[in-house]
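Descriptive structure summary
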Amino acid sequence: MGTLRRIERRQETRSEVDITLMVWGVDTKGERFLQEAHARNISLSGALLSGLDAELHSGDVVGILYAGKKARYRVVWVRYDDCGDKIQAAVHRFAADECPWRDLLSEERGATPPPISTEAP
């Protein structure tokens, strides 16, 4: 058997963070929801949301509010977390909406690593 390789299809780099935000939308039962959740593994066009209680399907649209900025996202995929009681969802931002955490990503890209010392201790 050959080696299984994972092909990366993302064109943007992602940043590992843990930010708290508000998510709203309509769940699979047609009920509106508004709840706090967490985003991690973020980019300008998407994120991985965790801690969701609302049942969602791929293709659903949710709104996200972070740092006073709102944007609409389409759900790409959904799964239960490791405990099986909360939902994780990968989301992709509508191009017409501005990324609410753009400033956070700009700060990370602008950060420079500390200089490496070439002197012996």
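Further up the page is the structure itself.
The rules behind each value
- Residues numbered from 1 in each chain as written.
- Predicted model: local features only at pLDDT ≥ 70, side-chain atom pairs only at ≥ 80, totals over all residues.
- Heavy atoms only, no water.
- Helix = DSSP H or I, 4+ residues; strand = E, 2+ residues; numbered from the N terminus.
- Buried < 20%, exposed > 50% of the residue type's maximum accessible area, 1.4 Å probe, protein only.
- Contact = heavy atoms within 4.5 Å.
- Salt bridge = Lys/Arg side-chain N within 4 Å of Asp/Glu carboxyl O.
- Phe/Tyr/Trp six-rings, centres within 6.5 Å; stacked < 30°, edge-to-face > 60°.
- Lys NZ or Arg CZ within 6 Å of the ring centre and 35° of its normal.

**A look at the side chain of Ser50**
Among the structural elements, Ser50 can be located in strand β3 (residues 46-52). Take Ser50: its relative accessible area is 13%, and that puts it in the buried class. Setting aside residues no more than four positions away along its own chain, Ser50 makes contact with Ala37, His38, Arg40, Ile87 and Gln88.

**Re the pattern of salt bridges**
Summed over the entire model, instances satisfying the criterion amount to four salt bridges. Across the pair Lys69 and Asp103 runs a salt bridge, and its minimum N-O distance is 2.9 Å. With Lys69 in strand β5 (residues 69-80) and Asp103 in helix α1 (residues 102-110), the pair connects residues that are 34 residues apart, well separated along the chain. We note a salt bridge from Arg72 to Asp97, for which the minimum N-O separation is 2.9 Å. Taken together, the residues span a long stretch of sequence, with Arg72 in strand β5 and Asp97 in the loop between β6 (87-93) and α1 at a distance of 25 residues. The buried category is assigned to Asp97, whose relative accessible area is 16%.

**Concerning the packing of aromatic side chains**
Following the criterion strictly, the structure yields two aromatic pairs and no others. Between Tyr66 and Trp101 the ring centres are 6.4 Å apart and the planes differ by 65 degrees, which places this aromatic pair in the edge-to-face class. In this pair, Tyr66 is assigned in strand β4 (residues 61-66) and Trp101 in the loop between β6 and α1, connecting sequence segments 35 residues apart. Taking relative accessible area as the criterion, Trp101 reaches 0% and is therefore assigned buried. Each ring, one from Tyr73 and one from Trp101, has its centre 5.7 Å from the other, and the planes form 25 degrees; the classification is stacked. Of the two residues, Tyr73 sits in strand β5 while Trp101 sits in the loop between β6 and α1, which places them 28 residues apart along the sequence. For the pair shown, Tyr73 and Trp101 are each scored as buried. Three or more aromatic residues joined by ring pairs make a cluster, and in this case those are Tyr66, Tyr73 and Trp101. Directly above the ring of Phe94 sits Arg72, whose terminal nitrogen or CZ lies 4.7 Å from the centroid.

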